[in-house]
Amino acid sequence: MTDFAQPTFVPSVETDQLAVDTLRFLAAEMVEAAQSGHPGMPMGAAPMAWTLWSRHLRHDPADPEWADRDRFVLSAGHGSALLYGLLHLFGYDLPVEELRRFRQLGSRTPGHPEFGETPGVECTTGPLGQGLGMAVGMALAERMSAARYPEVTGHRTYAIVGDGCLMEGVGHEVASFAGHLGLGGLIVLWDDNEITIDGAVGRSCGDDQVARFTAYGWHTEVVPDGTDIEAIDAALTRAKGDPRPSFLAVRTVIGHGAPGIAGTPKAHGSPLGAQRLAQAKELAGWTLPPFAVPAPVQAMCAALAAVGGAEHTSWLEEFATFDALAPERAAQFRRAGARLLPAGLATALEGVAAQAPRATRQASQACLRAALSTMPELVGGSADLAGSTGTECGEVVYREDFTAGAIAFGIREFGMAAVLNGMSLHGGFRVFGSTFLVFADYLRPALRLSALMRQPVIYVLTHDSIAVGEDGPTHQPVEHVESLRVIPGLQVLRPADDAETALAWELALTRVDGPTALILSRQALPQLDRPHTGDTAVDLSPVHGAGASADRESSVDAALESSVADGSSRRVEIVSTGSEVALAVGVAEQLEADGHVVRVISALDRSRFVADPSAHTISIEAGSTAGWAGLVDLAIGIDEFGHSGPGDEVMARHGFTVHAVLDRIREYLDGAP
């Protein structure tokens, strides 16, 4: 498609300075009004931000979700006041009243940028380094979209990062990944102010960042004066013409223009104070009242916004031509962008069930392949474990060809999850990533952001318990499922066989307002024999918990019901998940032989489980028992690390046999009222 030209006019030197000062003082005034925030970064980075937004960024403030807009990520999210000032100036739906309510409850100007709260904010940032990762994901999504829909895709991704973003490990992971793929549509500006909260950067980091990014395969440049708009503009222009991702080191002064504290840590995270703010304004010759925008700046930003609107209109005309020439591809582009599922997905997933025992990771692979047959927008990969996690899905994208759908993330779990977030936020794709469950700890901060941003990223987490076996306790998750369940908004599904795995994938793909973790076994599991009671295979209604995969109660006769009534036997409800459901069924058979009335529930999604108050409820799960407290009367699980050895032997050592579990339940029932 057309690589749209930049505006045919640019601000004058005088208007540039007015705009930069406007951004500086809007940020300082927001922080002063809130008596909280970070004025230093916005005051130092205002010239580079203004240069980018006034000369290079292609966007339409009237439609912040235009599919082919350039993306801008403020990875150094503590400088949110800078982003809010830009959005306000360019006419996004962020009136001055919201700037005055900076960091206040219910405002559209939260302390750090939050996706979904503020028009024009592309992603939630603040946890340093993750914004850079999401920018890499957006740039990758653009390249993959351009490979599929070149007629209507041609945008770039820009990011401003700080020293902290480059020190954090995730920044290293994603920078290496972007350089390897040659993501030429990605341009990163480094706010090189040499200051962290505690002091000078040199106290803790002596990296030659430019040399590092050059080694990663990036185009790099240094702009020695962060107030030199012409130099920044020229560097951005050269970066746009380079086929590699670009890293521009822009030397700035934190808290620029703030007397007595500019260039020091004191400018980082505290209000300037009324007196110092007044002095800064006097030095700059600024006489306007707080939150005022000079008329020339207003006029220039309105004109630039109109240029963006015109570019959007041109793109719509190009899309109409594309739609006329290739209606099926255009319809697919729209469907994927709207996150609508194709017809036939449920049928395709239903067809994966096998009769022989197999691991749910293998059932998941069959589900993934079935979904891919109907959803070309479903893309993803693994942290170098595709063969083990069942996520091999065809050819892998590489720098010369982005038409494939598989992504080789390398051994970069955190980076993988951050990139997936960026791809999901970009739109047009449904994304998944995989690793062993025990390594979910490596990617957890990005998974948390998936939930916070309500992004439907699918995490395929396999090798889900001490049954991993010989690899030992370093690779045997114990606390991990429970730790994932406490993340707000994360759907955690642990299926027990093929049928539940297919349902889990359907639930994950149907969900568009949050992430899903699929918890899958390494070892083979039997296919459960479900009674034909007219219920669905897994009933997710709160009334029945998370579903009856094996309903032992259906075989209980009237005589046993009578024995419950006269107290000679007990009504028992066993709730289990994943690989332990088959064990629960075996235990239930023995309890029935004892004369008890037993129901087994497979809690595919434990958050939906509600215990039967008339029964003795017992949980069986090969993991931490902490989350079962208050849900069940007896929790059978593991609250210690595992051991190295064959998986079945390790499970037996920790009491996961019919005999051992039965002994614990009988002991409990003997002492229960």
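Higher on the page you've got the structure.
Residues numbered from 1 in each chain as written. Predicted model: local features only at pLDDT ≥ 70, side-chain atom pairs only at ≥ 80, totals over all residues. Heavy atoms only, no water.

(A) The arrangement of the overall build of the chain in detail. Check the secondary structure of the chain and you find 23 helices and 17 strands. In summary, the chain has a C-alpha radius of gyration of 28 Å against a globular reference of 26 Å for 673 residues, a match within 12%. With respect to the three principal axes, the spread of C-alpha positions in the chain is 95 × 60 × 45 Å. Of all 673 residues assigned to the chain, the portion counted as buried reaches 59%. Pairs at least 24 residues apart make up 77% of the contacts formed inside the chain by residues separated by at least 6 positions. Carbon together with sulfur atoms contributes 53% to the accessible area of the chain, which is approximately 25000 Å² in total. Charged side chains of the chain number 48 positive and 83 negative; the gap between the two group centres comes to 3 Å. (Helix = DSSP H or I, 4+ residues; strand = E, 2+ residues; numbered from the N terminus. Rg over C-alpha atoms; globule rule 2.2 N^0.38 Å. Buried < 20%, exposed > 50% of the residue type's maximum accessible area, 1.4 Å probe, protein only. Contact = heavy atoms within 4.5 Å. Areas by Shrake-Rupley, 256 points an atom, 1.4 Å probe, with all protein chains shown as cover. Lys, Arg positive; Asp, Glu negative; His and termini not counted. Charge placed at Lys NZ, Arg CZ, Asp CG, Glu CD.)

(B) Highlighting helix 19 (residues 498-510). With 13 residues, helix 19 extends 18 Å from end C-alpha to end C-alpha; this agrees with the ideal 18 Å at 1.5 Å per step. Looking only at helix 19, the buried set comprises Asp498, Glu500, Thr501, Ala502, Leu503, Ala504, Trp505, Ala508 and Leu509. Measuring from the side-chain oxygen of the N-cap residue of helix 19 to the backbone nitrogen of Ala499 gives 3.3 Å; that N-cap residue is Asp497. (Expected span 1.5 Å × (residues − 1). Polar contact = N/O pair within 3.5 Å; in protein donor to acceptor, adjacent residues only side chain to side chain.)

(C) Seen up close, the environment of Val481. Residue placement: Val481 occurs in helix 18 (residues 480-485). Looking at Val481, the relative accessible area reads 9%, which means it is buried. With 53 residues separating them in the primary sequence, Val481 and Gly428 have C-alpha atoms 30 Å apart.

(D) Region of interest: the packing of helix 21 (residues 580-593) against helix 23 (residues 658-671). Helix 23 packs onto helix 21 with a crossing angle of 55° between their chain directions and a minimal axis gap of 9 Å. For the element pair helix 21 / helix 23, the angle class is oblique. Where helix 21 crosses over helix 23, the two elements pack in a sense that is right-handed. Within the contact between the two elements, helix 21 uses Leu583, Gly586, Val587, Gln590 and Leu591 and helix 23 uses Val658, Val661, Leu662, Ile665, Arg666 and Leu669. (Axes fitted to C-alpha atoms, helices over the stretch in contact; angles between N-to-C directions. Parallel < 35°, antiparallel > 145°, perpendicular 65-115°, else oblique. Left-handed = near helix turned anticlockwise from the far one by under 90°.)

(E) Highlighting the pairing of strand 14 (residues 571-576). Most of strand 14 is tucked away, with five of its six residues classed as buried. Of the pairings in the sheet, the one linking strand 14 to strand 15 (residues 597-602) comprises six bridges and is parallel in character. Across the sheet, residue Ser576 finds its bridge partner in strand 15, namely Ser602. The β-α-β motif built from strand 14, the intervening helix 21 and the parallel element strand 15 has right-handed crossover chirality. Pairing of strand 14 with strand 16 (residues 616-620) involves five bridges; the strand directions are parallel. Counted as the bridge partner of Glu573 is Thr617 from strand 16. (Pairing = 2+ DSSP bridges. Right-handed = clockwise from strand over helix to strand, strands pointing away.)

(F) Just the sheet that holds strand 14, in detail. Pairing is parallel across the open sheet formed by four strands, whose spatial order is 15-14-16-17. Pairing within the sheet leaves two strands with one partner each, and these edge strands are strand 15 and strand 17 (634-636). Mean inter-strand twist for the sheet, computed between neighbouring axes without regard to direction, equals 20°. Strand direction decides the pairing type here: strand 16 and strand 17, joined by three bridges, are parallel. Residue Ser619 lies in a different strand from strand 17, and its bridge partner there is Ala635.

(G) Inspection of the side chain of Asp497 at higher detail. The residue Asp497 is located in the loop between strand 12 (491-493) and helix 19 in this model. One polar contact links the side chain of Asp497 to the main-chain amide nitrogen of Leu528, over a distance of 3.0 Å. Ignoring any residue separated from it by four or fewer positions in sequence, one finds Asp497 in contact with Thr360, Pro526, Gln527, Leu528 and Arg530.

(H) Geometry of the packing of aromatic side chains. Tallied over the entire structure, the rule returns 19 aromatic pairs. Both rings, one in Phe319 and one in Phe322, keep their centres 5.6 Å apart while their planes meet at 75°; by these two values the pair is edge-to-face. With a gap of three residues between them, Phe319 and Phe322 both fall in helix 11 (residues 295-325), about one helical turn apart. Both residues of the pair, Phe319 and Phe322, belong to the buried class. One Lys or Arg, Arg606, reaches over the ring of Trp628 and ends 4.7 Å from the middle of that ring. (Phe/Tyr/Trp six-rings, centres within 6.5 Å; stacked < 30°, edge-to-face > 60°. Lys NZ or Arg CZ within 6 Å of the ring centre and 35° of its normal.)

(I) Here's a closer look at the pairing of strand 16. A large share of strand 16 lies buried, amounting to five of its five residues. Every second residue of strand 16 is oriented toward a common face, with His616, Ile618 and Ile620 on one face and Thr617 and Ser619 on the other, all of them buried.

(J) The arrangement of the sheet that holds strand 2 (residues 157-161) in detail. Spatially, 1-2-3-7-6 is the arrangement adopted by the five strands of the open sheet, whose pairing is parallel. Of all strands in the sheet, those with a lone pairing partner are strand 1 (71-74) and strand 6 (219-223), marking the two edges. When strand polarity is set aside, the average angle formed by the axes of neighbouring strands in this sheet is 15°. Note: strand 2 against strand 3 (residues 186-192), five bridges, orientation parallel.

(K) Fine view of the nonpolar core. Judged by nonpolar contacts, the single largest core of 65 residues is most densely connected at Leu140, Met144, Phe247, Met423 and Leu484. Per-element tally for this core: the top contributor is helix 5 (residues 130-148), with nine residues. Leave out the neighbours within four places in its chain, and Leu140 touches Phe177, Leu181, Leu183, Phe402, Ile407, Val419 and Met423. Of all hydrophobic cores here, the second largest spans 51 residues; its members include Ala49, Leu83, Ala239 and Cys301. (Core = buried A, V, L, I, M, F, W, Y, C linked by side-chain atoms within 4.5 Å.)

(L) Main features of the pattern of salt bridges. Counting across every chain of the model gives 28 salt bridges. A salt bridge links Arg244 to Asp242; the nearest nitrogen and oxygen atoms lie 2.9 Å apart. Arg244 gets classed as partly exposed once you look at its relative accessible area, which sits at 34%. In this structure Asp242 comes out as buried when scored by relative accessible area, which is 14%. When the shortest N-O distance is used, the salt bridge between Arg485 and Glu482 registers 3.4 Å. In this pair, Arg485 and Glu482 both sit in helix 18, three residues apart, roughly one turn of the helix. The two residues Arg485 and Glu482 agree in class, both being buried. (Salt bridge = Lys/Arg side-chain N within 4 Å of Asp/Glu carboxyl O.)

(M) Structural context of the packing of helix 1 (residues 13-34) against helix 11. Close contact between helix 1 and helix 11 brings their axes to 9 Å; oriented N to C, the two are set at 100°. Overall, the two elements helix 1 and helix 11 adopt an arrangement that is roughly perpendicular. Judged by residue contacts, Thr15, Leu18, Ala19 and Thr22 of helix 1 engage Pro296, Val297 and Met300 from helix 11. Tallied by class, the residues present in the contact of helix 1 with helix 11 amount to five nonpolar, two polar and no charged. (Nonpolar A, V, L, I, M, F, W, Y, C, P; charged D, E, K, R; others polar.)

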